[in-house]
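Next come the chains, spelled out residue by residue.
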Amino acid sequence: MNYADIKQYDVANGIGVRVSLFVSGCTHHCRDCFNKEAWDFNYGQPFTEKELEDIITYLKPSYVAGLSLLGGEPMEPQNQEGLLPLLRRVHSEYPEKNIWCYTGYLFDRDLVGKMCKESEITRELLSYIDILVDGEFEAEHKNLKVNFRGSDNQRIIDVKKSLAAGEVIHWEGEVV
């Protein structure tokens, strides 16, 4: 897996101060995407043990709320394999920190409805994710007034509650 960027301090992609990992590779190709260069799976640098350790170190301060995964597309099957060791470590070493993931895939239709049935990796990844912002960016629904989303069609989903309920539960805005 390659990555486009790692932001040690990010306040735009989830609640609180966060560490954000922008992975490379996306097959959605949304019109007016803010990060088109990251569509290419070969863009950026290889995500190695060094970058994993850097992120673990960046997450250590108590004022850091958690990790955000963006892209590119974190839920592309090729990227899921690369992200799994990172999410395992974050979950193990920082259980009090939350994990947000931004994906163009739909939680109920694509991730739970298809990918989870085909991949143990997808099921395990979702077990570590607290908040999922799902849906492709739609330029015709762009809205600069909504928090943590680029377009009105995107949803902010409480993953753990949704998995337990067997239906989409929207995040209510509380700090997780």
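Residues numbered from 1 in each chain as written. Predicted model: local features only at pLDDT ≥ 70, side-chain atom pairs only at ≥ 80, totals over all residues. Heavy atoms only, no water.

### Some thoughts on the overall build of the protein chain
Logical step 1: Within the protein chain, the secondary structure is distributed over 5 helices and 7 strands.
Logical step 2: For the protein chain, the sequential pattern of α-helices and β-strands runs β-β-β-α-β-α-β-α-α-β-β-α.
Logical step 3: Relative to its length of 176 residues, the protein chain is compact, with a C-alpha radius of gyration of 15 Å against a globular reference of 16 Å.
Logical step 4: Taken along the three principal axes of its C-alpha coordinates, the protein chain extends 40 × 35 × 35 Å.
Logical step 5: By the burial criterion, 49% of the 176 residues in the protein chain qualify as buried.
Logical step 6: Once local pairs closer than 6 in sequence are excluded, the contacts in the protein chain between residues at least 24 apart make up 64%. (Helix = DSSP H or I, 4+ residues; strand = E, 2+ residues; numbered from the N terminus. Rg over C-alpha atoms; globule rule 2.2 N^0.38 Å. Buried < 20%, exposed > 50% of the residue type's maximum accessible area, 1.4 Å probe, protein only. Contact = heavy atoms within 4.5 Å.)

### Observations concerning the pairing of strand β7 (residues 155-158)
Logical step 1: Here β7 shows no split at all, with Arg155 and Ile157 on one side and Ile156 and Asp158 on the other all buried.
Logical step 2: With 4 bridges joining them, strand β6 (residues 131-134) and β7 adopt antiparallel strand pairing. Considered in β7, the bridge of Ile131 is made with Asp158. (Pairing = 2+ DSSP bridges.)

### Re helix α4 (residues 120-128)
Logical step 1: Buried within α4 we find Thr122, Glu124, Leu125, Leu126 and Tyr128.
Logical step 2: Where α4 is buried, its residues contact α2 (77-93), β5 (98-102), α3 (107-118) and α5 (159-165).
Logical step 3: Put simply, Ser119 is the residue that caps the front of α4, since its side-chain oxygen is 3.1 Å from the backbone nitrogen of Ile121. (Polar contact = N/O pair within 3.5 Å; in protein donor to acceptor, adjacent residues only side chain to side chain.)

### Let's talk about the state of the cysteines
Logical step 1: Evaluation of the coordinates by the stated rule reveals 0 disulfides.
Logical step 2: As a non-bridged cysteine, Cys101 has Cys26 as the owner of its nearest cysteine sulfur, 12 Å distant.
Logical step 3: Cys116 takes part in no disulfide bond, and the closest cysteine sulfur, belonging to Cys101, lies 12 Å away. (Disulfide = S-S within 2.5 Å.)

### Brief notes about unusual backbone geometry
Logical step 1: A cis geometry characterises the amide bond from Gly71 onward to Gly72, with omega recorded as 15°.
Logical step 2: Here Gly72 lies in the loop between β4 (64-70) and α2.
Logical step 3: The backbone of Phe148 sits at a positive phi, close to 65°, despite the residue not being glycine.
Logical step 4: By the element assignment, Phe148 lies in the loop between β6 and β7.

### Some details on the packing of α3 against α4
Logical step 1: Two elements in contact, α3 and α4, have axes whose closest approach is 6 Å; the angle formed by their N-to-C orientations is 130°. In terms of orientation, α3 and α4 fall into the oblique class. Residues Phe107, Leu111, Val112, Met115, Cys116, Lys117 and Glu118 of α3 form the contact with α4, whose own contacting residues are Glu120, Thr122, Arg123 and Leu126.
Logical step 2: Residue composition of the contact of α3 with α4, grouped by class: 6 nonpolar, 1 polar and 4 charged. (Axes fitted to C-alpha atoms, helices over the stretch in contact; angles between N-to-C directions. Parallel < 35°, antiparallel > 145°, perpendicular 65-115°, else oblique. Nonpolar A, V, L, I, M, F, W, Y, C, P; charged D, E, K, R; others polar.)

### Brief notes about the environment of Tyr9
Logical step 1: You can see Tyr9 is positioned in strand β1 (residues 2-10).
Logical step 2: Between the C-alpha atoms of Tyr9 and Ser20, which are 11 residues apart in sequence, the distance is 7.5 Å.
Logical step 3: Contact partners of Tyr9, with chain neighbours within four places excluded, come to Val17, Arg18 and Tyr63.
Logical step 4: Of note is the side chain of Tyr9, whose polar atom sits 3.2 Å from the side chain of Gln8.

### What about the sheet that holds β4?
Logical step 1: Taken together, 7 strands build an open sheet; the order of strands is β3-β1-β2-β4-β5-β6-β7 and the sheet is mixed. If you trace the sheet from one side to the other, it starts and ends with β3 (45-46) and β7, each paired once.
Logical step 2: Taken together, the 4 bridges between β4 and β5 define a ladder with parallel strand orientation. Note on β5: the bridge partner recorded for Ser68 is Trp100.
Logical step 3: Together, β1, β2 (17-23), β3 and β4 form the strand contacts of helix α1 (residues 49-58), whose direction differs from that of β1 by roughly 15°.

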